[in-house]
Amino acid sequence: VNLINSMLQEFKQLKDNRRIQISQMSTYQGKNPFSTNGCTVISGLMCFRHFVHDESSIPDNGLPNHLVEEVIDEFAASLLPRIRENLGLGGYDFIDHYEACQALIQQQLLPD
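Please read all numbers here as calculations on a predicted model, not as lab measurements.

1. Digging into helix 2 (residues 39–52)
Between its terminal C-alpha atoms helix 2 stretches 20 Å, which fits the 20 Å expected from 14 residues at 1.5 Å a residue. Among all positions in helix 2, only Thr40, Val41, Ile42, Leu45, Met46 and Arg49 are buried. Tucked into the core, helix 2 has its buried residues touching helix 3 (65–86) and helix 4 (97–106).

Shown next, in the form of structure tokens:
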């Protein structure tokens, strides 16, 4: 319970200090049916996109919403069917995190 309270307090402080921003997005995982059950691929792509994002600022302002939406609706949705096929999985099957990372690297599926 103390850990939960501590984490909630830290979250509130970060939010109050504008280090964390919560905003509405115009998309979600599964809006494009090909992004369904793709959280492991989406998270890897988000990290990749974050590191190659052109704007370098300190403190880091994160990714703009349009880039997050692009990752979910376009990149992940285009890669998930290929990853699932290469892993012998069905159209909407869950992909293990390790398998997702390996597929992105080994199959050279990261966008340029």
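2. A closer look at the confidence of the model for the protein
Interpretation of the predicted coordinates at a detailed level should be avoided for regions scoring low in pLDDT. Summarising the model, the protein shows a mean pLDDT of 84, and 89% of its residues fall at 70 or more. The element-level mean pLDDT for the protein is lowest in helix 2, coming to 82, with helix 1 (residues 2–16) highest at 94.

3. Let's talk about the nonpolar core
Formed by 18 residues in total, the largest nonpolar core has its most connected members in Val41, Leu45, Met46, Leu79, Ile83, Ile95 and Leu104. Counting only elements with at least two residues in this core, the list comes to helix 2, helix 3 and helix 4. Here the element with the most residues in this core is helix 3; it accounts for eight residues. Not counting residues up to four positions away in its chain, the partners in contact with Leu79 are Leu45, Leu104 and Leu109.

4. Observations regarding the state of the cysteines
Following the criterion strictly, the structure yields zero disulfides and no others. With no disulfide of its own, Cys101 has Cys47 as its nearest cysteine by sulfur position, at a separation of 8.6 Å.

Basis of the calculations
Residues numbered from 1 in each chain as written. Predicted model: local features only at pLDDT ≥ 70, side-chain atom pairs only at ≥ 80, totals over all residues. Heavy atoms only, no water. Helix = DSSP H or I, 4+ residues; strand = E, 2+ residues; numbered from the N terminus. Expected span 1.5 Å × (residues − 1). Buried < 20%, exposed > 50% of the residue type's maximum accessible area, 1.4 Å probe, protein only. Contact = heavy atoms within 4.5 Å. pLDDT = per-residue confidence, 0-100. Core = buried A, V, L, I, M, F, W, Y, C linked by side-chain atoms within 4.5 Å. Disulfide = S-S within 2.5 Å.

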